[in-house]
Number of protein chains: 2
Amino acid sequence: MAASSRAYVSATRSCPTNQLLDRISDKWVSLVVAALSTGPMRYSDLGRKIAGVSPKMLTQTLRTLERDGILTRSVTPSVPVRVDYELTPLGSSLATLLTAVKDWAETNFDEVHAARERYDTDGQDTP
Amino acid sequence: MAASSRAYVSATRSCPTNQLLDRISDKWVSLVVAALSTGPMRYSDLGRKIAGVSPKMLTQTLRTLERDGILTRSVTPSVPVRVDYELTPLGSSLATLLTAVKDWAETNFDEVHAARERYDTDGQDTP
DNA sequence: CGGAATCCGCGCGGATACTG
DNA sequence: CAGTATCCGCGCGGATTCCG
């Protein structure tokens, strides 16, 4: 086939399910979905709550998630434009899972941190 | 060090918890942990089960997860060297969550796919 | 306010080859 | 079998600017 000069056919491309897994296995996706799990939010509210995300990544993440049916984007044409983002039922079901992952990270952070120092000091001494 | 003229202080660096979230929000991490959730596995078994992962990424992922206390690496010095990887209790608790995410991706794939086509055709007509 | 567009560095990750 | 090492392309993502 047309793999003459191009051999870039990785697992991500071959399996459609892995594509989706790769998409939701994204830091910004986790944070956005977790942020919206408590209710609808405006664009700048999300930017403030996530705190550190660039407008580019925020918009990009939101667009992708909207396209995937995870959330909806509703524009209110007021004097300053107001845009609200809200999880769909599909997105809510995902939010439950990703929030659990996020909670796990927060809960077990120090345990992981301890394991890291143990790994680093153990065997790496006497250079 | 060498951060003299660098202004790259993103959310990932600022919040340690987000570092961990970013780490486990990785496609390979999901696949490896999910693969090991059914029991211990050897290196090449993992490579075959995940199917598409390069040795580099597999080793890199395994090393990182070992360092983080998610899994253990045990070497059996037989004639051909045998290395087994097994989830720690900490890793098992994570595996439950990540497997759920992986299952979600497989279950809702076609729904997401349908949402995508709807998004693409809707508004993108008559070029 | 809520984006879109552009530039660009850096590192992720695939391919390949070699070691113990 | 289980890695390690090297090269390198590509796209993620931060910074900046401008528009509706």
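The coordinates are above.
Residues numbered from 1 in each chain as written. Chains lettered and ligands numbered in written order. Predicted model: local features only at pLDDT ≥ 70, side-chain atom pairs only at ≥ 80, totals over all residues. Heavy atoms only, no water.

Caption draft 1: How the structure looks around the overall build of chain A. Helix and strand content of chain A: 7 helices and 3 strands. Element order for chain A, N to C, with α for helix and β for strand: α-α-α-β-α-α-β-β-α-α. Within chain A, the fraction of its 127 residues that count as buried is 39%. A separation of at least 24 residues holds for 44% of the contacts in chain A among residues at least 6 apart in sequence. Of the roughly 7300 Å² of accessible surface on chain A, a fraction of 54% belongs to carbon and sulfur atoms. (Helix = DSSP H or I, 4+ residues; strand = E, 2+ residues; numbered from the N terminus. Buried < 20%, exposed > 50% of the residue type's maximum accessible area, 1.4 Å probe, protein only. Contact = heavy atoms within 4.5 Å. Areas by Shrake-Rupley, 256 points an atom, 1.4 Å probe, with all protein chains shown as cover.)

Caption draft 2: Layout of the protein's contact with DNA strand D. As a structural note, the neighbourhood of DNA strand D is formed by 19 residues, with Lys-56 of chain A together with Ser-44, Arg-63, Arg-73 and Tyr-85 of chain B the closest of them. Backbone atoms, meaning sugar and phosphate, form 74% of the atoms of DNA strand D found within 4 Å of the protein. Separating a phosphate oxygen of DNA strand D from a side-chain N or O atom of Tyr-85 of chain B is a distance of 2.6 Å. Contributing elements (two or more residues each) for the surface near DNA strand D: helix H5 (55-67) of chain A together with helix H4 (43-50), helix H5 (55-67) and strand S3 (82-87) of chain B. Grouping the constituent residues of the surface near DNA strand D by class yields 8 nonpolar, 3 polar and 8 charged. (Near = heavy atom within 4 Å. Polar contact = N/O pair within 3.5 Å; in protein donor to acceptor, adjacent residues only side chain to side chain. Nonpolar A, V, L, I, M, F, W, Y, C, P; charged D, E, K, R; others polar.)

Caption draft 3: Spotlight on the interface of chain B and chain A. Taken together, the contacts link 43 residues of chain B with 43 residues of chain A. Summed over the shared surface of chain B and chain A, the number is 4 salt bridges. Between Asp-120 of chain B and Arg-67 of chain A there is a salt bridge whose closest N-O contact spans 2.6 Å. Where chain B touches chain A, the interface holds 8 residue pairs in polar contact (both at pLDDT 80 or more). Elements supplying a minimum of two residues to the side of chain B that touches chain A: helix H1 (11-14), helix H2 (16-24), helix H3 (27-36), H5, helix H6 (89-107) and helix H7 (109-121) of chain B. Among the elements that take part in the side of chain B that touches chain A, H6 of chain B stands out by supplying 11 residues, more than any other. (Salt bridge = Lys/Arg side-chain N within 4 Å of Asp/Glu carboxyl O.)

Caption draft 4: Highlighting the packing of aromatic side chains. A complete count under the given rule lists 0 aromatic pairs over all chains for this structure. In this arrangement the basic side chain of Lys-27 of chain A is found over the ring face of Trp-28 of chain A, its NZ or CZ atom lying 4.2 Å from the centre. (Phe/Tyr/Trp six-rings, centres within 6.5 Å; stacked < 30°, edge-to-face > 60°. Lys NZ or Arg CZ within 6 Å of the ring centre and 35° of its normal.)

Caption draft 5: The packing of H4 of chain B against H5 of chain B, seen in detail. Residues and elements named next belong to chain B. Where H4 meets H5, the closest approach of the two axes is 11 Å, and the angle between their N-to-C directions is 115 degrees. Every pair of crossing elements has a handedness; the one defined by H4 and H5 is right-handed. Across the interface between the two elements, Tyr-43, Leu-46, Gly-47 and Ile-50 from H4 touch Pro-55, Leu-58, Thr-59 and Leu-62 from H5. When the residues that make up the contact of H4 with H5 are grouped by side-chain class, the tally is 6 nonpolar, 2 polar and no charged. (Axes fitted to C-alpha atoms, helices over the stretch in contact; angles between N-to-C directions. Left-handed = near helix turned anticlockwise from the far one by under 90°.)

Caption draft 6: View of the sheet that holds strand S2 (residues 71-76) of chain B. All names here are of chain B. Ordered in space as S1-S3-S2, the 3 strands form an open sheet in which the pairing is antiparallel. Each having just a single partner strand, strand S1 (41-42) and S2 make up the two edges of the open sheet. Where S1 lies against S3, 2 bridges are found, and the strand directions are antiparallel. In the sheet register, Arg-42 faces S3, and the bridge partner there is Asp-84. Here H3 sits on the sheet in contact with S1, S2 and S3, set at roughly 95 degrees to S3. Its contacts with the sheet place H5 against S2 and S3, and it is angled at close to 115 degrees to S2. (Pairing = 2+ DSSP bridges.)

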